Amino acid sequence: MVFLLHAHPGSPYVFGLVEDNHDLDFPDPMPVVGISRSAKGYCMLSVLETMKTYSVEDNLTEEALVAKLRTCRCHHMFLHTSLRNSSSGTCRWGEFGEGGLLWGECNARQFEWFNGDPVSELLYKVKELYGLEDNTTFRNVTVAPENRPSPLYLGTATQIGAIPTEGIPCLLRVLLPPSCVGLPIMYIRDLLLNPPAYEIASKVQEACKSMSNITCSIPEFTCVPSAKLVKLLELRETNHIEFCKIKSVLDDIIQLYSNSELREILKLLMDPTWVATGLKVELETLVSECRSVSSRISEIISLDGESDQKITSSTTIPNEFFEDLESSWKGRVKRIHLEEEFAEVDEAAKALSVAIKEDFIPIISRIKAVMAPLGGPKGEILYAREHEAVWFKGKRFAPIVHSDSQIEEKIKQLRPALDSKGKKVGEEWFTTIKVEDALTRYHEAGDKAKRKVLELLRELSVELQTKINVLVFASMLLVIAKALFGHVSEGRRRKWVFPTLTHHHKSEDTGMLHGAEGMKFVRLSPYWFDAAQGGAVRNTFDMKSLFLLTGPNGGGKSSLLRSICAAALLGMCGLMIPAESAIIPHFDAIMLHMKSYDSPADGKSSFQVEMSEIRSIITRATSKSLVLIDEICRGTETAKGTCIAGGVIETLDAVSCLGIVSTHLHGIFDLPLKTKNVVFKAMGAEHVNNQTVPTWKLIDGVCRESLAFETAQREGVPSELIERAKELYAAVYAKDSLRRDERFSAPTIVDTSNMVTNRPSHPEMGISPSVKSVRSAETLSEEVEKAVISICEESLMELYKKHHLLEPSPLRCVLIGAKEQPPPSTIGASSVYIMLRPDRKLYIGETDDLQGRICTHRAKEGMQKASFLYMLVAGKSVACQMETLLINQLPARGFQITNLADGKHRNFGTSDVLGSEMMIR
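Every residue gets a number counted from 1 within its own chain, in the order that chain's sequence is written. Given that the model is predicted, a residue must reach a pLDDT of at least 70 before its local features are reported, and side-chain atom pairs must reach 80 or more before they are shown or counted; all residues, however, enter totals for whole chains, interfaces and linings. Excluded from the side-chain calculations are hydrogens and water; all other atoms, namely the structure's heavy atoms, are used.

## What about the overall build of the chain?
Along the backbone of the chain there are 26 helices and 28 strands. Under the scheme applied here, a residue whose accessible area is under 20% of the maximum for its type counts as buried, over 50% as exposed, and between as partly exposed, the area being computed with a 1.4 Å probe on protein chains only. Residue burial in the chain is summarised as follows: out of 921 residues, 51% are buried. For the area figures, the Shrake-Rupley method with a 1.4 Å probe applies, and any residue is considered shielded solely by the protein chains shown. Surface accessibility of the chain: about 42,800 Å² in total, with carbon and sulfur atoms responsible for 51%. Here a strand is any run of E in DSSP of at least two residues, a helix any run of H or I of at least four, and the numbering for each starts at the N terminus.

Here it is, written out as structure tokens:
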């Protein structure tokens, strides 16, 4: 039975799990959050009672702090009085007091004020809130922020879908395969919201590159939430299933270390895991402790495949009785620790079976002989699950004088069955003293065995508490490994690449970037398009200063800014990007501002909101920042908005940051701007059938064409209104446009020879869809591998000689174990595979999606533990012919093939070796 104790949402755990026979999905524990002001900006403190840890993040902007709060479900929030009043009593709530972003975010939640030293006072509040002892210690897991970029602003995170937002292409959705959910995707999200230092990003990228190139099989990567692991061990509530999962985590680490290819990846993941956990663990220590703890769990816990603890069975007692009572303790710990208890339960079960046989069977026999033929009631032995008892159920019969006296005595011994409170259980349930004594004995023996099992499990929990740091570190490392392997697999499928990540250095003389140290993209595509399927317009450019970008409505300005922001962020985090190549500086901040909306609750217009965001950007931007502003000053009247936009451009140019400011305010080009490095760029257009249409290609120059009339018409605005608008435009603006300085004019017709012709009508529309044998499993795989290589190499050699080609490189088979999966290097590659079924039969196939095919096979009943051998070949034609060759020839070597009929579809592999039509790539 599971007992629920749910005192508060900050520690949502189920007590009594140690007795359970299944796993439970625990919700993530919620932290207690404290917010204060400091000399460096805003400070966010986060305390996890479950983990007994706290972290401190200082130097946050209001926007970055709100972004963190949006992704944080906290148990309780405390606001420090430094937010409300400064030392002089001046209001300090947000940058501009009430009405700011932070004010709105906090007022939507429940919070309490606190004062004093923020860290010590918040820890005191947490101990009070959770009823902890005063001497309870919390570990500081804050990682020093040296050289770490600023966390993403809320606007930046939402506009690229790092925080899923309605109407915005979700970045998280394209970074991992659809099957990779939960902890891995949470890690990727946190990595994007809090970009790592250059050294950590470099380690992540190097690990991902290695993952992309390995050819060995990889673990399934068991993901266990660290908080769940810690809480269960602390409360001694870890059941045998959780111990098996812990052992899987440890064994995955050992497997990574044991393979020379995977060991290098393990080394590279040590530092990212340190940043994620705040724990510093040496590699040799990690592996040594994993081996020690895994071995200890193996000594205590009954693992999968052990069959020395079968449930008792009897010919007279329903099997459900023994199943229910013994499954609560059998199969959990090794029998060697319970030999005495097993013996007592076996003896008690035999005694119960004898008692029921002696007391109930004669009565049932009499009923069948005397009453049943006449249509009378029947009697039977049934399991009363609610009362955990086996009783006789039937009508009570009066003794018959001329009947067998022994049976009459048995009937007289029947008495009503009673429940645990001594009340009679219905009118048809009966038992005897002997049966009840035997039941009591059996229950006592079972309870004793169960107590011993729980005692052993709890003792193991206590023992493993001393290894908690290693367990937390190992579990987090596997989450990171699974996330990155998933990302690399998806990146290869989408044909993404690894950028060159550089430090961001500027010339002291000019303030400009030099050569390869700028930001450069070759054929960058929007992240929400699947480049592997085509359809995306790609752009190539070399950015060494600020771009002032113009272009028509629907010309792709917003899509370009969003694409650059996402790609730069992914590169900074060590991940793959949607381009053919790129050079990305490690920025100290990435800030993207797009359209603003008004905030009636705060009493702010859309222009006020925009100016608040612009203020945050220009006050935080440095020469190492990437600033992207879309359609600046769109929310106010043109003249003054143009001048404010000019001031912003001058400020950013003086800072010498990289970035783009896009605008429809063409009057900017008439302002006497004091800029040194600003470059004019435009989104191109071309004439088609006497109409100007966008190309979505980035070109040099200025584009004054807005395509406003065409856009309005395409969206269904009445033609009469559009014609009148054209007349008004001609009357007021046409003459002004002729007097403009021609040096700013840009061609509206551009060379389309390098354009992608297979493109959608708009970059933000039409998103692409994206022999029977006693061989052991190990011996079987070795024999199959030798046979496969022998057959294929012999055939290939004959073919190559026939066509006078150079000898092929040696073939290599890779084994994928029962709990393993293929590496990312198989993505999109043609392969021939052999499934080694649990019944020792073989299935032979070919595929360009090995991972998906293995998942399909293992989803079938009884195939969950199937292993596979595969080899990569030069194209699908070769794979098909190799498949047929093996199907036809492996049976002659003593192997049973389940899909033998498939080899009859081609006259291949028997006489004509490989055939003359084989394609060699």
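Following the structure, the description resumes.
## Focus on the pattern of salt bridges
Close approach of charged atoms allows side chains of opposite charge to pair. Salt bridges are counted wherever a side-chain nitrogen of Lys or Arg sits within 4 Å of a carboxyl oxygen of Asp or Glu. Summed over the entire model, instances satisfying the criterion amount to 35 salt bridges. For glutamate 105, the salt bridge goes to arginine 70, with nearest N and O atoms at 2.6 Å. Residue glutamate 105 is found in helix 2 (residues 101-107), and its partner arginine 70 is found in helix 1 (residues 62-70); the two are separated by 35 residues along the sequence. Notably, a salt bridge pairs aspartate 190 with arginine 189, separated by 3.2 Å at the nearest N-O pair. Among the residues examined, arginine 189 registers a relative accessible area of 14% and is labelled buried. Each of Glu49, Lys52, Lys231 and Glu234 takes part in salt bridges that share partners, so that together they form one network.

## Comments concerning the confidence of the model for the chain
Detailed reading of the predicted coordinates is not advisable wherever pLDDT falls low. Mean pLDDT over the chain works out to 82, with 82% of the residues at or above the 70 mark. Note: pLDDT gives the predictor's confidence per residue, expressed from 0 to 100. Between two residues, a contact is recorded if the distance between any of their heavy atoms is within 4.5 Å. pLDDT under 50 marks residues 1-10. Its contacts with residues more than four places away, or in other chains, come to 22 contacts. Of the regions scoring below 50 in pLDDT, residues 907-921 engages in 41 contacts with residues more than four places distant in sequence or in other chains.

## Side note on the sheet that holds strand 24 (residues 814-816)
Strand pairing is assigned whenever DSSP detects at least two bridges linking the two strands. Strand order in this open sheet of four strands is 24-28-26-27, and the pairing throughout is antiparallel. Strand pairing shows two members of the sheet lacking a second neighbour, strand 24 and strand 27 (842-847), which therefore form its edges. Taken over all neighbouring pairs, the strand axes of this sheet differ in orientation by 25° on average, direction set aside. Across three bridges, strand 24 lies against strand 28 (residues 867-872) in antiparallel orientation. To get an axis, fit a line to the C-alpha atoms, keeping to the stretch in contact for a helix; angles then go from 0 to 180 degrees between the N-to-C directions.

## Some words on the sheet that holds strand 12 (residues 415-416)
The antiparallel open sheet is built from four strands, whose spatial order is 10-11-13-12. Pairing within the sheet leaves two strands with one partner each, and these edge strands are strand 10 (380-384) and strand 12. As paired elements, strand 12 and strand 13 (residues 429-431) share two bridges and run antiparallel to each other. When the bridges of strand 13 are listed, proline 416 appears paired with phenylalanine 430. Helix 16 (residues 433-465) rests against strand 11 (389-393), strand 12 and strand 13 of the sheet, and its axis sits at about 160° to strand 11.

## Some details on the packing of aromatic side chains
In this scheme Phe, Tyr and Trp rings, the latter by its six-membered ring, pair at centre separations within 6.5 Å, and the angle between planes marks the pair as stacked below 30 degrees, edge-to-face above 60, and tilted otherwise. Scanning the model with the defined rule gives 17 aromatic pairs in all. On the numbers, 5.2 Å between centres and 70° between planes, the contact of phenylalanine 321 with phenylalanine 322 is edge-to-face. With a centroid separation of 6.4 Å and 65° between ring planes, the pair formed by phenylalanine 541 and phenylalanine 547 is classed as edge-to-face. With relative accessibility at 5%, the residue phenylalanine 541 sits in the buried group. A residue is classified by how much of its surface remains accessible, and phenylalanine 547, at 3% relative accessible area, is buried.

## Re the pairing of strand 17 (residues 546-550)
Among the five residues that make up strand 17, five are buried, leaving the element largely enclosed by the rest of the structure. As paired strands, strand 17 and strand 21 (residues 658-662) are joined by four bridges and run parallel to one another. Looking across to strand 21, one finds that leucine 549 is bridged to serine 662.

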